[in-house]
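# Topology and contacts: notes
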Amino acid sequence: VGGRLTESDSQHERTFATCKAHAESLEDLFRQVAKLDEAEREANTALLRSRQQWTELDASHAEQGERVHHLAEALAALQQGLADTDGELEELRAYLEVPR
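First things first, this report covers the structure right here in the doc. (Residues numbered from 1 in each chain as written. Predicted model: local features only at pLDDT ≥ 70, side-chain atom pairs only at ≥ 80, totals over all residues. Heavy atoms only, no water.)

## Brief notes about the overall build of the protein
Going by this rule: Starting at the N terminus, helices and strands are each numbered in turn, a helix being any DSSP run of H or I of at least four residues and a strand any DSSP run of E of at least two. For this count, His and the chain ends are skipped, Lys and Arg are scored as positive, and Asp and Glu as negative. Charge positions come from single atoms, namely NZ of Lys, CZ of Arg, CG of Asp or CD of Glu.
The helix and strand inventory of the protein stands at one helix and zero strands. Here the C-alpha coordinates of the protein stretch approximately 140 × 20 × 10 Å along the principal axes. Charge separation in the protein, taken as the distance between the mean sites of 11 positive and 21 negative side-chain charges, equals 15 Å.

Below is the structure:
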């Protein structure tokens, strides 16, 4: 009977050691999963930040494009105004007979 208990104790010890090794492996896996979850949260945060920056940049470019368009219109109006003024000056010179 004593031999059987020793054999049974030995079997229990091996089973316990195997269970302990599996438990440690599971704990390692849980830690790795937690690290992956954290990395995912950080990646999602970075992605949201990038999207927000892209949206702001896109809006800024649209605003700058509008400003450039208005500036081009203003320059065209000034150019036309200068051309009209030059024409009027030429007419005035001709009328007053002022040489160039």
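After that view of the structure, there is still more to cover.
## Side note on the pattern of salt bridges
Formally: Salt bridges are counted wherever a side-chain nitrogen of Lys or Arg sits within 4 Å of a carboxyl oxygen of Asp or Glu. Think of it in three bands: residues with accessible area under 20% of the maximum for their type are buried, residues over 50% are exposed, and the middle band is partly exposed, with areas taken using a 1.4 Å probe on protein chains only.
Tallied over the full model, the rule gives four salt bridges. Of the charged contacts in the structure, one is a salt bridge between Arg-41 and Glu-38, with a shortest N-O distance of 2.8 Å. With Arg-41 and Glu-38 both in helix H1 (residues 2–96) and three residues apart, this pair spans about one turn of that helix. Taking the relative accessible area as the measure of exposure, Arg-41 reaches 47% and is therefore partly exposed. Classification of Glu-38 by relative accessible area gives partly exposed; the value is 35%.

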